[in-house]
Amino acid sequence: MNSYYVSLLNEIQKRMKEFAYQDAYELIHQELILPYVPSDAQAILEEYEKECKAHLNRYVKQRDDDDLQKWISGNEIQKEKAVSELLKKNLREYEIEVQTLLDSDLLDEFKGELIEALIEQRVDSSYKIMKDGLEVTFIPSAIVPIHEDDTLIQTREIFSEWFSNDNPAFYNFCCRLLEQEALESRPFDFEDVSPLSLAKSIVRLVMEAFGQSEEFLAFMKIKGMTEIVEYPLSIERRGEE
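Residues numbered from 1 in each chain as written. Predicted model: local features only at pLDDT ≥ 70, side-chain atom pairs only at ≥ 80, totals over all residues. Heavy atoms only, no water.

Visitor: Please give an account of the pairing of strand β2 (residues 134–138) that cites residues and values.
Guide: Across 5 bridges, the pairing between strand β1 (residues 127–131) and β2 is antiparallel. Paired with Ile129 across the bridge in β2 is Val136. What sits between the antiparallel neighbours β1 and β2 is a turn of 2 residues, in which Asp132 has the positive phi angle 55 degrees. (Pairing = 2+ DSSP bridges. Helix = DSSP H or I, 4+ residues; strand = E, 2+ residues; numbered from the N terminus.)

Visitor: Now, about unusual backbone geometry: what can you tell me, with residues and values included?
Guide: Geometrically, the link from Arg186 to Pro187 is a cis peptide bond, its omega value of 15 degrees lying close to zero. Relative to the elements of secondary structure, Pro187 occurs in the loop between α8 (168–185) and α9 (195–209). Its identity is not glycine, yet Phe19 carries a phi of approximately 65 degrees, on the positive side. Phi is positive for Asp132, close to 55 degrees, though the residue is something other than glycine. Looking at the element boundaries, Asp132 is found in the loop between β1 and β2.

Visitor: An account of the side chain of Lys200 is needed here, citing residue identities and associated values.
Guide: Inspection of the secondary structure assignment puts Lys200 in helix α9. Buried Lys200, no salt bridge; nearest opposite-charge side chain is Glu230, N-O distance 4.9 Å. Polar side-chain contacts of Lys200 include one of 2.7 Å to the backbone oxygen of Ile228. Those residues in contact with Lys200, other than ones at most four positions away along the chain, are Phe216, Met220, Met225, Thr226, Ile228 and Glu230. (Buried < 20%, exposed > 50% of the residue type's maximum accessible area, 1.4 Å probe, protein only. Lys, Arg positive; Asp, Glu negative; His and termini not counted. Salt bridge = Lys/Arg side-chain N within 4 Å of Asp/Glu carboxyl O. Polar contact = N/O pair within 3.5 Å; in protein donor to acceptor, adjacent residues only side chain to side chain. Contact = heavy atoms within 4.5 Å.)

Visitor: So what's going on with the side chain of Glu97? Residues and values would help.
Guide: In this structure, Glu97 sits in helix α5 (residues 95–103). Dropping the residues within four chain positions of it, Glu97 is found in contact with Leu68, Gln69 and Ile72.

Visitor: Tell me about the packing of aromatic side chains, and please be specific about residues and values.
Guide: In the structure shown here, the tally under the stated rule is 8 aromatic pairs. Ring geometry for Phe163 versus Phe219: centroids 5.5 Å apart, planes at 20 degrees, classification stacked. Residue Phe163 is found in helix α7 (residues 150–164), and its partner Phe219 is found in helix α10 (residues 213–222); the two are separated by 56 residues along the sequence. A single burial state applies to Phe163 and to Phe219, both of which are buried. (Phe/Tyr/Trp six-rings, centres within 6.5 Å; stacked < 30°, edge-to-face > 60°.)

Have a look at this one:
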């Protein structure tokens, strides 16, 4: 190995011993992008590169986790930011953080997002949450994800049949409220809920928001839905609190 690479490798080793992994990584990267590097030097540089990356990744993770802990114990906006960050992670590694947020005064919709992520990742640990004054224990992997829930699928199909052609904006609004309802209801699913009942409640809420209460009654009569009992919406109860 020529003297240039001996000197370079010594300098890289020195910086790594001083824990200056970012500096060492930059020296390695600048050399490896050159069109030609002797094979003996390249093999050593690539090993050093792996070691630097491992240390840098641990540093980034520790820094992110420190920020996460700060947000979890912060105000409402910071807690919401913590949820956003956790949604990007392997939640099996953050059981305590997730449970802390579920125990907090975070809005149910954001708690629902966390629970849905646990469900999607098939996490089989046990969690607890307070719902309507009762402590509920649940195992995420035993719950059907929102996109596979038959009642929610059928409810969206009803919205599509009623609105997607003539009023796509109204259709999208209904679907968004349906998703919000599903999140706020977590960890419960909609297995025993009638899609027609759920659809009627969502449509009424949307029409009332647009000052169309009389139009809603007329629409339900046209659709033969007058006798259908509405489903009690979580998003509506929250709005009344």
